[in-house]
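# Overview (structure and organization)
Read off the chains here:
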Amino acid sequence: MPEGVELDYILKQQLLSDEELLTLIQEVFIPVGFTRFRLTGGEPLLRPRVVDLVSTIASLPQIKDLSMTTNGFLLAPMAQNLYNAGLRRINISLDSLDPDIFDQIIGNQGRSRWQQVWQGIQAAHHVGFDPLKLNVVVIRGVNDHEVLDLAALTIDKQWHVRFIEFMPIGNVDLFGDRGWVSSADLRQQIRDRWGLTEAQVRGAGPADVFQIPGAKGTLGFISQMSECFCDRCNRMRLSADGWLRPCLLNETGQIDLKTALRSGTSTAKLKEQVRHLLEIKPEINFKGRDSGISGTYTRTMSQIGG
């Protein structure tokens with residue numbers, strides 16, 4: 001989170017209601033072919049009645065996979081209820097094993113959160129989430145010296161660490177001149193220490209998956225800055241206030257589904273619009289990719305949700 005950024009925009013947003021969200025899932029997204037859904041951020045555990053929402057989505061017969069990405073602040077007391085509601089896969093952000101560095105990265109505003117997050121990870125492990133993934137955004141000069149310690153978390157536990165290249169979307173001044181570290185550099189560090197092999201397990205997303213020989217977990221590398229994966233990106237993002245975004249790296253082609261729903265546009269018409277957006281998504285991915293660090297954005301990465 002950039003220093004000094006106010007979150008008034010969240011308070012001013014009119015968010016999709018649970019009913020509107022479920023309407024879009026059942027009457028628009030599933031009919032055009034979506035079967036895998038992830039509840040992400042902002043922070044999904046802040047949403048009122050999120051456990052009930054998980055239960056409803058998980059119970060839909062067409063859903064093949066339901067997962068969640070969370071900062072983990074509120075996870076420990078909710079982990080069991082989420083699992084009971086039907087959630088099976090969870091990603092937790094853990095950018096540092098050092099509480100002070102962690103707090104610097106998250107912009108803690110004087111409140112240390114590392115212990116809460118670590119307790120959330122332990123709770124998710126105890127409950128039985130599998131896979132349990134830990135997301136690490138590597139920033140040069142901030143947490144890149146911890147790569148080996150973070151990678152070591154996969155050796156004795158079936159935890160899956162995902163190293164993500166830092167995307168300075170809309171935040172060109174964030175961390176000054178510090179930037180992303182290439183996945184190739186990270187892999188070489190780990191290879192030099194333990195060796196590294198391609199994992200037999202392949203994910204459904206953009207990560208290239210590897211494994212330390214003999215480790216129980218895996219290491220994934222999401223390399224949106226150094227290694228283009230636009231040709232295999234199958235992700236679209238629906239913001240909490242109803243904007244459907246086909247590509248995280250640019251704002252081309254977004255659809256305001258909330259306003260359309262509230263103005264009486266039929267779900268049949270919305271299906272047509274979403275289907276068209278899916279057809280042109282590959283072109284949007286490639287053409288807009290280079291604007292990912294230099295374009296003008298109405299929302300920064302922290303506002304999009306990462």
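Before any of the text, the structure's been laid out above.
Here the structure is a predicted model, which means the values were calculated and not measured. Residue positions are given per chain, counted from 1 along the sequence in the order it is written. Where totals are concerned, whole chains, interfaces and linings use all residues; where local detail is concerned, this predicted model gives features only for residues with pLDDT of at least 70, and gives and counts side-chain atom pairs only at 80 or more. Derived side-chain values reflect all non-hydrogen atoms in the structure, with water molecules and hydrogen atoms excluded from consideration.

### Observations concerning the pairing of strand β5 (residues 159–165)
Under the convention used in this document: Using a 1.4 Å probe on the protein chains alone, a residue whose accessible area is under 20% of its type maximum counts as buried, one over 50% counts as exposed, and one in between counts as partly exposed. Secondary structure counts use DSSP, requiring at least four H or I residues in a row for a helix and at least two E residues in a row for a strand, with both numbered from the N terminus.
A large share of β5 lies buried, amounting to seven of its seven residues. Of the two faces of β5, both are covered, the one formed by Trp159, Val161, Phe163 and Glu165 as well as the one formed by His160, Arg162 and Ile164.

### So, the sheet that holds strand β2 (residues 65–70)
We apply this condition: Two strands make a pair as long as DSSP finds a minimum of two bridges between them. Residue contacts are defined here by distance: any two heavy atoms, one from each residue, within 4.5 Å place the two residues in contact. Orientation is described by axes fitted as lines to C-alpha atoms, over the contacting stretch for helices, and by angles from 0 to 180 degrees between their N-to-C directions.
The sheet built from eight strands is open, its strands ordered β1-β2-β3-β4-β5-β8-β7-β6 with mixed pairing. One side of each edge strand has no neighbouring strand; the edge strands of this open sheet are β1 (36–39) and β6 (197–198). Two strands pair when backbone bridges link them, and β2 and strand β3 (residues 89–93) are joined in this way by four bridges, in the parallel orientation. Paired with threonine 70 across the two strands is isoleucine 92, which belongs to β3. Along the sheet face, helix α3 (residues 50–58) touches β1 and β2 and points at about 155° away from the line of β2.

### A few points about the sheet that holds strand β10 (residues 243–245)
Strand order in this open sheet of three strands is β9-β10-β11, and the pairing throughout is antiparallel. The sheet is open, and its two borders are formed by β9 (237–238) and β11 (255–256), each paired with just one other strand.

### A few points about the packing of helix α2 (residues 18–29) against α3
Put simply, the test is: Angle categories: roughly parallel below 35 degrees, roughly antiparallel above 145, roughly perpendicular from 65 to 115, and oblique for all the rest. Here is the rule for handedness: rotate from the far helix to the near one, and if that takes an anticlockwise turn smaller than a right angle the crossing is left-handed, while a clockwise turn gives right-handed. Polar here means any residue other than Ala, Val, Leu, Ile, Met, Phe, Trp, Tyr, Cys and Pro, which are nonpolar, and Asp, Glu, Lys and Arg, which are charged; Gly is therefore polar.
Viewed as axis vectors pointing N to C, α2 and α3 meet at an angle of 20°, and their least axial separation amounts to 11 Å. When the axes of α2 and α3 are compared, the pair comes out roughly parallel. The two elements α2 and α3 cross, and the hand of that crossing is right-handed. Contacts between α2 and α3 involve Asp18, Leu21, Leu22 and Ile25 from the former and Leu53, Thr56 and Ile57 from the latter. Class assignment for the residues of the contact of α2 with α3 results in five nonpolar, one polar and one charged.

### Things to note about the nonpolar core
Basically, it comes down to this: In this text, buried Ala, Val, Leu, Ile, Met, Phe, Trp, Tyr and Cys residues form a nonpolar core when linked through side-chain atoms within 4.5 Å.
Residues Phe29, Leu94 and Phe163 are the most contacted members of the largest nonpolar core, which totals 73 residues. If one sorts the elements of this core by residue count, helix α6 (residues 114–127) sits on top with seven residues. When neighbours within four sequence positions are excluded, leucine 94 is seen to be in contact with Phe102, Trp114, Val117, Trp118, Ile121, Leu134, Asn135, Val136, Leu150 and Leu153. Listed in part, the six residues of the second largest apolar core include Ile164, Ala199, Ala207 and Ile222.

### Considering the packing of aromatic side chains
Counted only if it meets this: Two aromatic rings from Phe, Tyr or Trp, using only the six-membered ring of Trp, form a pair when their centres are within 6.5 Å; if the ring planes differ by under 30 degrees the pair is stacked, by over 60 it is edge-to-face, and anything between is tilted. The rule for a charge over a ring is simple: NZ of Lys or CZ of Arg within 6 Å of the ring centre, and within 35 degrees of the ring normal.
All told, the structure shown has seven aromatic pairs when counted by the stated rule. Seen from their ring centres, phenylalanine 34 and phenylalanine 37 are 6.5 Å apart, and the 40° between their planes marks the pair as tilted. In this structure, phenylalanine 34 and phenylalanine 37 share a single accessibility class: buried. Their ring planes at 80° and their centres at 6.0 Å tell us that tryptophan 118 and tryptophan 159 sit as a pair that is edge-to-face. On the criterion of sequence distance, the pair formed by tryptophan 118 in helix α6 and tryptophan 159 in strand β5 is long-range, its members being 41 residues apart. A single burial state applies to tryptophan 118 and to tryptophan 159, both of which are buried. Ring-pair connections join several aromatic residues into one group, and the members of that group are Phe29, Phe34 and Phe37. Sitting over the ring of tryptophan 159, lysine 157 keeps its end group 5.2 Å from the ring centre. In this structure, arginine 187 packs its charged tip against the face of phenylalanine 221, placed 5.3 Å from the ring centre.

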